Amino acid sequence: MADPRASSAFPTGAGAGPSTGRTPAPPTGPAGQQTATVLVVEDEPAIATAIAQRLSAEGWRVEVARDGLSGVDAANRLRPDLIVLDVMLPGIDGLEVTRRIQAEQPVPILMLTARDDETDMLIGLGVGADDYMTKPFSMRELVARIKALLRRVDRAAQAASAAPSDPPLVVGDVTVDKAQRRVYRAGEEVHLTPTEFELLVMLASSPKTVLTRERLLAEVWDWADASGTRTVDSHIKALRRKLGADLIRTVHGVGYAFEPPVG
Ligand code: CA
């Protein structure tokens, strides 16, 4: 319905100085928190403006798109370091936006949902966002989540460049190529989000070892508190959906263990 050129993704004038302007995302350099480009896809003007102002104040370069199609268009044009994506959008919704964007390039997505059970539903569908926040949320928490997500991606990139010739991790019929950030099961490539990839690396690095939800949350998500253990459960669900249900064992009340079937 919406022509992506007509319904524009526009640079916000919310922040002062260099955070405004239609500057392409720098292709080089780490996704440092002060230089990162964040695309906000949100149709409610008040929320979009509030988010853009706060993120600009953090020093990030921010652009806002007001509907799904212009969000996809802006993502392809800007190559942002992170996308804050509302799920309920005019035109194509956040699920379809995520599919289209992730088909072009892996980019961390923080999805805004209306209810907790909607978040569970989306993760169950394997939509491919890296984190979820339920409205209403505090701007402080949004910033904290974005920082954690950018750190995670940055760390992953550094790990990959620091050990480009690391031999792939092979456990059972699962191969995790950390340098290329690719995952195969029985020779078939499986596409994971950055967060799913890090979670899998953590689990596969210690096969047959129970890792607690709290530890996974701290190491993969960079969260100091344990309030988000349900996030871990949800992402385990996504991994099982993509890689097969038989790889990861649930240890009830404790955590998870990577145990691919033998033979
Ligand atoms: Ca909306």
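Because the structure is predicted, anything quoted here is derived from the model rather than measured.

Let's shift gears to helix H6 (residues 194–205). Residue pairs spaced three or four apart in an α-helix point in one direction, given the helix's 3.6 residues per turn. Along its 12 residues, H6 runs 16 Å from first to last C-alpha, staying within 8% of the 16 Å computed at 1.5 Å per residue. The set of residues buried in H6 consists of Thr195, Glu196, Phe197, Glu198, Leu199, Leu200, Leu203 and Ala204.

Time to look at the sheet that holds strand S7 (residues 169–171). Across a sheet, paired strands are connected by hydrogen bonds in the backbone, their directions being either parallel or antiparallel. Strand order in this open sheet of 4 strands is S7-S8-S9-S10, and the pairing throughout is antiparallel. A single partner strand is all that each edge strand has here, and the edge strands are S7 and strand S10 (188–190). Between one strand axis and the next, the sheet turns through 25 degrees on average, direction left out of account. Where strand S8 (residues 174–177) and strand S9 (residues 182–185) come together, 4 bridges link them in antiparallel fashion. Looking across to S9, one finds that Asp177 is bridged to Arg182. Along the sheet, H6 makes contact with S7, S8 and S9, crossing S8 at roughly 120 degrees.

Core analysis: the biggest nonpolar cluster contains 39 residues, and Val38, Leu39, Val40, Ile83 and Met111 have the highest contact counts within it. Counting only elements with at least two residues in this core, the list comes to strand S2 (37–41), helix H1 (45–57), strand S3 (61–65), helix H2 (68–78), strand S4 (82–86), helix H3 (94–104), strand S5 (109–113) and helix H5 (139–162). The biggest single contributor to this core is H2, with 5 residues. Val183, Leu200, Ile236 and Ile248 belong to the second-largest nonpolar core, a separate cluster that totals 23 residues.

Cut-offs used in this document
Residues numbered from 1 in each chain as written. Predicted model: local features only at pLDDT ≥ 70, side-chain atom pairs only at ≥ 80, totals over all residues. Helix = DSSP H or I, 4+ residues; strand = E, 2+ residues; numbered from the N terminus. Expected span 1.5 Å × (residues − 1). Buried ≥ 20, exposed ≤ 12 C-beta atoms within 10 Å, placed from the backbone. Pairing = 2+ DSSP bridges. Axes fitted to C-alpha atoms, helices over the stretch in contact; angles between N-to-C directions. Contact = placed C-beta atoms within 7 Å. Core = buried A, V, L, I, M, F, W, Y, C linked by C-beta atoms within 7 Å.

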